[in-house]
Amino acid sequence: MSYYLPYVFLSFVYLQLPHGLPPTSVDLETEVEKRFLRDPAWLPIHDTDARDVHVDSLLHCSSSPLHSGISVVRDPTTGMLLDFTEVLLGDTGISAKNSMSLQRPPNPNPSESLRGSNTNYPFLPVTYIFPFTSGLLTVPPGLKVGMDFSDKGLWTPARRISHSKIMGINMELVSPLLLSTGCWNIAVETCFHSATRALVRSGTDVGRLGLKRWAIPVDITSPCDDFYKRIPNPAFKYPFELDMFQKQAVLRLEAHESVFVAAHTSAGKTVVAEYAIALSQKHMTRTIYTSPIKALSNQKFRDFKTTFGDVGLLTGDVQLSPEASCLIMTTEILRSMLYNGSEVIRDLEWVIFDEVHYINDAERGVVWEEVLIMLPDHVSIILLSATVPNAVEFSEWIGRIKKKHIYVISTAKRPVPLEHYLYTGNSTKTQKEMFLLLDPTGNFQTKGYYSAIDAKKERTSKHAQSFGTKNASQKTTPNQDRAVWLSLLHFLSQRQQTPVVAFTFSRTRCDDNARSLASMDLTSSVEKSEIHSFFQKSLSRLRGGDRQLPQILLMRDLLKRGIAVHHSGILPILKEVIEMLFSRGLVKVLFATETFAMGVNMPARTVVFDSIRKHDGTGFRNLLPGEYIQMAGRAGRRGLDATGTVIILCKSGVHDMGDLHVMMLGKPTVLQSQFRLTYTMILNLLRVEALRVTDMMRRSFSESHRDTQAHEQQIGQLKQTLSSLPPLDTEGQLSDLLPYYYTVTELRITAEALQCAVLGSVNGLKALSVGRVVVVNNKQHFNALGVLLQVSSDSVNRTFTALVICEKGNEEGGGDSPNASAFPHLYNTALFIPEGPCSHTVQKLKLQDVSAITVKTLKVIPDRIIDNYNKRQQPRFRLDPPGQAISTATQELLRLAEANPGGVVTLDAVNDLQLKSVDVVEGTMRLRLLQDSLKDFNCIHSPTFSEQVCFLRVQERMSVQEELDKLLFLISDQSLSLLPEYHQRIKVLQSLQYVDSSGAVQLKGRVACQISSHELLLTELLFENALSPLAPEESAALLSCLVFQQKTQILFLTDLPSKIKQKCTGETKKAAVLYSTVSKLTGTLSYFLPQPFAEIAQLTDVQEGTVVRCIQRLDEVLKEVRQAARIVGDSVLGSKMEKASLAIRRDIVFTASLYTH
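Everything numeric in this text was worked out from a predicted model, so none of it was measured. (Residues numbered from 1 in each chain as written. Predicted model: local features only at pLDDT ≥ 70, side-chain atom pairs only at ≥ 80, totals over all residues. Heavy atoms only, no water.)

## A word on the overall build of the chain
Selection rule: Secondary structure elements are taken from DSSP: a helix is a run of H or I of four residues or more, a strand is a run of E of two residues or more, and numbering for both begins at the N terminus. For every residue, the accessible area (1.4 Å probe, protein chains only) is compared with the maximum for its type, and the residue is labelled buried under 20%, exposed over 50%, or partly exposed between those bounds. Areas reported as accessible are Shrake-Rupley estimates using a 1.4 Å probe. Residue values count occlusion only from the protein chains shown.
The secondary structure content of the chain amounts to 41 helices and 25 strands. The burial tally for the chain puts 47% of its 1157 residues in the buried class. Counting only carbon and sulfur atoms, one obtains 54% of the accessible surface of the chain, whose full area is about 60,400 Å².

## Regarding the packing of aromatic side chains
For the record, the criterion: Only Phe, Tyr and Trp rings take part, Trp by its six-membered ring, and two of them pair if their centres are within 6.5 Å. Stacked means planes under 30 degrees apart, edge-to-face means over 60, and tilted covers everything else. Geometrically, a charge over a ring is one whose NZ (Lys) or CZ (Arg) sits within 6 Å of the ring centre while staying within 35 degrees of the ring normal.
Considering all chains together, one arrives at 18 aromatic pairs under this definition. With a centroid separation of 5.2 Å and 80° between ring planes, the pair formed by Tyr-289 and Phe-304 is classed as edge-to-face. With Tyr-289 in strand β5 (residues 286–291) and Phe-304 in helix α10 (residues 294–308), the pair connects residues that are 15 residues apart, well separated along the chain. With a centroid separation of 5.3 Å and an interplanar angle of 75°, the aromatic rings of Tyr-740 and Phe-937 are classed as edge-to-face. Of this pair, Tyr-740 sits in helix α26 (residues 737–759) while Phe-937 sits in the loop between α31 (918–933) and α32 (947–970), and the two are 197 residues apart along the sequence. Taken individually, Tyr-740 and Phe-937 each receive the classification buried, so the pair is uniform in this respect. Through pairs of rings, three or more aromatic residues link up here, namely Phe-236, Tyr-238, Phe-240, Tyr-289, Phe-304 and Phe-308. Here the guanidinium or amino end of Arg-104 rests over the ring plane of Phe-123, the centre of that ring lying 4.1 Å away.

## Describing the packing of helix α23 (residues 679–686) against helix α33 (residues 979–991)
Any two packed helices are characterised by the angle at which their axes cross and by the distance between the axes. The criterion, for reference: Comment: axis = line fitted to C-alpha atoms, over the contacting stretch for helices; angle = value between 0 and 180 degrees taken between N-to-C directions. An angle below 35 degrees is read as roughly parallel, one above 145 as roughly antiparallel, one from 65 to 115 as roughly perpendicular, and any other as oblique. Contacts are assigned to residue pairs with any non-hydrogen atoms lying within 4.5 Å of each other.
The geometry of α23 relative to α33 is characterised by a closest axis approach of 11 Å and an angle of 80° between their N-to-C directions. Considering the angle they form, α23 stands roughly perpendicular to α33. Where α23 abuts α33, its residues Tyr-679, Ile-682, Leu-683 and Leu-686 lie against Tyr-982, Arg-985, Ile-986, Val-988 and Leu-989.

## Comments concerning the nonpolar core
Operational definition: Take the buried Ala, Val, Leu, Ile, Met, Phe, Trp, Tyr and Cys residues and link them wherever side-chain atoms come within 4.5 Å; each set so joined is a nonpolar core. Segmentation into domains, and thus their bounds, comes from an automatic or database assignment.
Counting 118 residues, the largest nonpolar core has Leu-559, Phe-609 and Leu-1039 as its most contacted members. When residues of this core are sorted by domain, at least three fall in each of domain 2 (418–463 + 477–665) and domain 4 (1010–1144). Each residue touching Leu-1039, except ones within four places of it in the same chain, is listed here: Leu-1018, Leu-1027, Leu-1114, Val-1117, Leu-1118, Val-1121 and Met-1137. Val-367, Phe-394, Leu-685 and Leu-976 belong to the second largest nonpolar core, which has 69 residues in total.

## Some thoughts on empty space enclosed by the protein
The test is simple: Cavities and pockets are found on a 1 Å grid laid over the protein atoms alone: a cavity is a set of points where a 1.4 Å probe fits but cannot escape, a pocket is an open set with protein on both sides within 12 Å along at least five of seven lines, and a lining residue has an atom within 4 Å of such a point. Grid points are joined across faces, edges and corners, and a volume is the space filled by probe spheres set on the points. When residues are sorted by character, Ala, Val, Leu, Ile, Met, Phe, Trp, Tyr, Cys and Pro go into the nonpolar class, Asp, Glu, Lys and Arg into the charged class, and all the rest, Gly among them, into the polar class.
Overall, the coordinates contain two cavities of 30 Å³ or more when judged by the stated rule. The space that makes up the second largest cavity amounts to roughly 40 Å³. Lining the second largest cavity are Thr-265, Ser-266, Arg-414, Pro-415, Val-416, Leu-418, Gly-633, Ala-635 and Gly-636. The class makeup of the residues in the lining of the second largest cavity is four nonpolar, four polar and one charged.

## Considering the sheet that holds strand β22 (residues 784–791)
Short version of the rule: When DSSP finds two or more bridges between a pair of strands, those strands are recorded as paired.
Strands sit in the order β24-β23-β22-β21-β25 across an open sheet of five strands; the sheet is antiparallel. The open sheet is flanked by β24 (838–846) and β25 (850–857), the only strands paired with a single partner. Here the strands of the sheet are splayed against their neighbours by 35° on average, with no regard to which way each runs. Across nine bridges, strand β23 (residues 799–807) lies against β24 in antiparallel orientation. By the bridge assignment, Ile-805 is partnered in β24 with His-840. This element, helix α29 (residues 862–872), spans β22, β23 and β24 of the sheet and lies at about 105° to β22. Helix-sheet contacts for helix α30 (residues 884–899) involve β21 (772–776), β22, β23, β24 and β25, and the interaxial angle to β23 is about 70°.

## Considering the confidence of the model for the chain
Our working definition: pLDDT is a residue-level measure of predictor confidence that goes from 0 to 100.
Residue-level pLDDT values for the chain average 79, and 82% of them are 70 or greater. Segment residues 1051–1056 is flagged for pLDDT under 50; beyond a separation of four residues in sequence, or across chains, it makes twelve contacts in the model.

## Section: a nonpolar patch on the surface
As a reminder, the rule being used: A patch consists of residues exposed above 30% relative accessible area that lack any salt bridge, with like charges linked at up to 9 Å and nonpolar side chains (Val, Leu, Ile, Met, Phe, Trp, Tyr) linked at up to 5 Å. The salt bridge criterion pairs a side-chain nitrogen of Lys or Arg with a carboxyl oxygen of Asp or Glu, the two atoms within 4 Å.
Taken together, Ile-70, Val-72, Leu-81 and Phe-84 make up a surface patch of nonpolar side chains, about 390 Å² in accessible area. The set of elements that each furnish at least two residues to the nonpolar patch consists of β1 (68–74) and β2 (81–88).

## Description of helix α8 (residues 244–254)
With eight of its eleven residues buried, α8 lies for the most part within the structure. Buried residues of α8: Phe-245, Gln-246, Lys-247, Gln-248, Ala-249, Val-250, Leu-251 and Leu-253, and no others. Close packing links the buried residues of α8 with α7 (227–230), β4 (258–262), α9 (270–283), β9 (348–353), β10 (380–385) and β11 (406–410).

## A closer look at the environment of Met-580
With respect to the element layout, Met-580 can be found in helix α20 (residues 572–583). In sequence terms Met-580 and Gln-299 are 281 residues apart; their C-alpha atoms lie 9.9 Å from each other. Leaving out residues up to four positions away in the same chain, Met-580 has contacts with Arg-302, Phe-534, Leu-1154 and Tyr-1155.

What follows is the structure, encoded as structure tokens:
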């Protein structure tokens, strides 16, 4: 109504005046400024009261950087100033937005300096530095003589080059005194190693110089007596004597070299990481320690914080002391920092990769390869791993792509030897039935194995006598499991072999086994008091309702009796409490899954395997040797136990001896590349022009077999060979000589492929019966006719005994076969006809020796022919004439060859042998077409055409050319195994408008770079405006579909809000994938309501720890979507995501880790 009041007032005044309103002069400029520029109602987002208009400021712009400077010219003798000259400056105007150089100025934005920004360029990896080919100075400034860098053929692989030649030293000028005393050798050796490092840095192929390759194995058996002389002031002093492999690693770190340390669990690999951290603090640089899982990052943070103090932690939701000299993070965060050009990379000296064998993980292994490829040149690498058989091969790959030596330090020695037992007890009477299977020296004890079998058999037969026989079952009942665990733990407790880690490959069985031990109490009153006080203190930060969660109450009761459970379904804070109590020795029995074996040094006295079979996501299988060694290595505490005890339970029966032998003594799993293309990787590389996705693929571990430098060297040699060959005469009638060669070559290859298909078929083998005439081609015979005498019964390696005609004197294969040796490339069907007397031989032929099956058959007597031939092989019968059967067969074969000198008719694969496959039919048609086309070539009618001479020249040239083309293909992008998939993914990105036709990243692509998983789906939801109409809690519930992967039997689809169901089941195809997991959303949706976590956990059958982990992952997704919304400019959606994130960051879900406080 307020808008109409001025008009009512004016109408009233107008009626009172006789002539209306007096004329007024309205200043339109003032009125517009008043109404539209100074009225806060029109400009609510500006502070108009304090606004000052400065039009001149629009003309102001920052000055551009100078591209040149002034240099002073001085007299070289007096130093007097002579002149000034202008010189060009390099690296001007560069920034994080346009340059990958380390010379670019630091990012002025503090919020982007740590994790970087997706608009920043990454720092240039060493793998992308291209060698200089021009512009090198040959004469240093101030000198008259320089170096000649031209290639004079000195670097030949066959020549051995002395150190003095490499250094360019004239040995005639060397003092004889230096040579006689040996000082000269020391000096040259020192200079030589310096030159070697320079060559390595410059990318020279040191393999050609006869030097060591990139991976250098270190002999840890050699003594290191001068360790303290070489390092008089170590960066970190240990209160114990270092092992030999630790000393060797420390020596390499002091030399700023990269190392790969492979050792068993609890062997002391962390010492190497600690020394690198101390060394970086001494050098005032930075170190990044990466771990595969977040829980391990938290544990390492606590340990390193206690030792070094200046340590920070970066995880998805926690950021502590980011300015510290040592940063601990997961590998995914380091990858993001590298792609986003984090300023931390500038000061980085070491990157420590813990648990490198995790590169075998199918889902996340690619992250390790990306990080190793993207690291800049100045960063040294420390790789810590369990024992792997191909550590040298893996290090060779890293050294080749980083252009630096990797020292491989591997030890198979265990600090505490292990004893492996089979346990068959299940009651008080049988609780001592533990049989040694593998002694500490690694000897497999078959006696112990058979003793375990006898113990099981005796108990089974006694049971059968009392209750009758029953079918043996692989599964045991809960009562049987309880009896086994009670008898074993009582036995171990009596022998003081606790604490015990019981690895159980099922979370449900872990919980059931712990609950079944209600009658067992393994702690004293003092230990109970300590456990109670620590438990209460650790959970004091929780709200009252969270302290009464069923899982917490159950675990409190178990812990008081010295029993605990550790798996992914346990609440994170509970797992930390259990780990800390276990490290104190207060947890006597810990039922854990495989993830407990990966982490900090928490050894036990005994390790027990509930089973040796596990489910790997696709099916059940036995434990791999590497998995078994990793878990069994937790047994034995260094300095406390003489040996560690490993026990395998035989609940239903004794495991197969072969399976046990392979598991215990087999080789660990080799490191294998899990490199795969992801849309995030492709988009991050495409947004920087200097980086190419094909370069990333070429440098991956999966392509490590590509020796590009050796191939390039061979290519140069082949090009020289090709240029030295005489040119081909292709004038006149010989103009189609090369097409004729290609046709003949294709004809030969097609015929060979067709013959392989015939010989591999059932009908083809049936045709190869006794009496069949065949054409034989091998090292001794070329297109020689033979007749089959015997066919072996071996279906795998089938052989044929045949009588074959040959030249007189060539029965044993000693003669020459010019056609076969000189011209194997020719397609020649002309049959062999002896020039002199015809002889014969009886040979065993393989399938590949039979080049054709003819339509002819002969009546032969195989036994008589073979017996007569074998008899005449004896010295006293060697001069006897051949028998009648052999003479008849030989004459028939000779007569057949003379009657058909151009080739005998062979069985047709399609018509005669009835082979109807597409490949065979097409091959037969192609063969006929090629045969008919040979007579159309003009070159064969040329008077200068001599088939042998011409083809000798053509073959010589073409063989070199084919080898050259093969090598060029191997070093090209076309040979990359993932190239077809890359092209397909690029087509997807182009169709969705993430990149344009030229490969430039568009807005949608920039948004997808911000998202770590499900990047395309989330980006499409964002640009389809699917999240904007939803409330914050509804958007979060929809996004929770992407983070939940647990199985559940509870469905909530009917209880969901209509908006979410519409987004999940509507016509939007990009959201349809969410439908399969929509039934899990109610727990997330309820978490936004003012309900305690205990009530929400009761809505689902999923364990509390899994729910917490999903909500934490959801918070990371919300942050990513919020950042993506800000890039797009959707501030409303960004605020919604922020509200949703704040709403779920409460209660036990986001309780701070005990390791960080």
